[in-house]
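What the coordinates show
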Amino acid sequence: SQANFEEDSQNQPAVGHWKTLMPSKGSKEEPETGRQDARGVDETQSTEQLNVSRLRSSSVEIREKGSEFLKEELHKAQKELKLKDKECERLSKVREQLEQELEELTASLFEEAHKMVREANTKQAASEKQLREARGKIDMLQAEVTALKTLVITSTPSSPNRELHPQLQSPSKAVFRKGHGRNKSTSSAMVSAASQNVTPEPVSHECKEVDSILFAEFQAWKESPTLDKSCSFLDRIYREDVGPCLDFTKQELSELVRVAVEQNTLTIEPVASQTVPVVKVSAEECGGPKKCALSGLPRTCKHRIMLGDSGNYYYISPSCRARITAVCNFFTYIRYIQQGLVRQDVELMYWEVMRLRREMSLAKLGFYPSEM
């Protein structure tokens, strides 16, 4: 383009100059030629200046565009750097939070472990205490069995032991001994206990026969003793003895009593003759000394029961107390068997269970000792 411009500028006449078509008279060709050379030099110089200015302007534009591009790149780099700083800050916060959660989790785990250790030590101490008490009871029962065996051995047909056969005594002596049997003092406490537990009718006259179905159910339960009433042994006793024995007029309270007996959280205590101050404000006296809370009938109530740690007391009649006591005695015995505290023959255990069932049946029918 510059070459075309130079050719055009050389071919076209310069502005402000007149080109003579014909040489005037008297003029000479040499001065005209000098003027044309001068004009050519001027035109060349102006063209070079124009080219230089154009180069300068293009270089300025290139510099400006380069500076703008660099500024944009710098701005982008700064934005990316800010985003990376924010991401680093967020990651550092996440790390701090995770470290704090890890410390809290470690502390809670250590605290839980110490708590479990303390509970295990407490349970171990309680178990050891129960074991010592159970061993003491076993020793006492073994001593009683030994004393009873001694009494049985010393009793022969020719010289029967009158302690075991009160029917052989004279009526006056029998009445005297019956009235004072609980308060007499002898050198052997076991002999005294054996004489107190003698029933009015002789034991030798009582006939017993093992029921095969009941004995088989008891043997199956004895192999793996449990308190779950779904087994056939306990299911039968619940249906035939426990359920009817704890079936009182007040159905809702009867259900609470049954649950407390099963969980071994029921408390029976005698009622004092004078008014006893109530320690717990929330304690609720249900029934009264002249009304039974379970039957709802007017009865003289000498005892009251408390279910668990609720603090609510319920007055009960002697008949209701006998029924509850009979069921409690049964559950206490089968718990001893479950814990392995009873070391007897299976048949002896079976007859003890039958005796406890008979007590529940008699209590359900309304029979109870007069001292209740």
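Residues numbered from 1 in each chain as written. Predicted model: local features only at pLDDT ≥ 70, side-chain atom pairs only at ≥ 80, totals over all residues. Heavy atoms only, no water.

The chain is annotated in an unreviewed UniProt entry as R3GEF factor from Haliaeetus albicilla. Regarding the chain, the relevant UniProt record gives this comment under Sequence similarities (unreviewed entry): "Belongs to the SEC2 family." (UniProt positions renumbered as here; feature names shortened; annotations may be inferred.)

Together, Leu-362, Leu-365 and Phe-367 make up a nonpolar patch on the protein surface, roughly 330 Å² of accessible area in all. Here Leu-362 shows up in helix α9 (residues 346–365). By relative accessible area, Leu-362 is classed as partly exposed at 38%. (Patch = residues over 30% accessible without salt bridge, like charges linked within 9 Å, V, L, I, M, F, W, Y side chains within 5 Å. Areas by Shrake-Rupley, 256 points an atom, 1.4 Å probe, with all protein chains shown as cover. Salt bridge = Lys/Arg side-chain N within 4 Å of Asp/Glu carboxyl O. Helix = DSSP H or I, 4+ residues; strand = E, 2+ residues; numbered from the N terminus. Buried < 20%, exposed > 50% of the residue type's maximum accessible area, 1.4 Å probe, protein only.)

What follows deals with the packing of aromatic side chains. What the rule picks out here adds up to eight aromatic pairs. Aromatic pair Tyr-350 and Trp-351: ring centres 5.3 Å apart, planes at 65 degrees, arrangement edge-to-face. Three or more aromatic residues joined by ring pairs make a cluster, and in this case those are Phe-215, Phe-218, Trp-221, Phe-233, Tyr-350 and Trp-351. Here the guanidinium or amino end of Lys-208 rests over the ring plane of Trp-351, the centre of that ring lying 4.8 Å away. Note that Lys-229 overlies the ring of Tyr-238, its terminal NZ or CZ placed 5.2 Å from the centroid. (Phe/Tyr/Trp six-rings, centres within 6.5 Å; stacked < 30°, edge-to-face > 60°. Lys NZ or Arg CZ within 6 Å of the ring centre and 35° of its normal.)

What follows concerns the packing of helix α7 (residues 251–262) against helix α8 (residues 318–338). One way to put it is that α7 packs onto α8 with a least axis distance of 10 Å and a crossing angle of 30 degrees. The orientation of α7 relative to α8 falls into the category roughly parallel. Our pair here, α7 against α8, has a crossing hand that is right-handed. Taken together, the residues of α8 that come into contact with α7 (itself represented by Val-257, Val-261 and Glu-262) are Ile-324, Val-327, Cys-328, Phe-331 and Arg-335. When the residues that make up the contact of α7 with α8 are grouped by side-chain class, the tally is six nonpolar, no polar and two charged. (Axes fitted to C-alpha atoms, helices over the stretch in contact; angles between N-to-C directions. Parallel < 35°, antiparallel > 145°, perpendicular 65-115°, else oblique. Left-handed = near helix turned anticlockwise from the far one by under 90°. Contact = heavy atoms within 4.5 Å. Nonpolar A, V, L, I, M, F, W, Y, C, P; charged D, E, K, R; others polar.)

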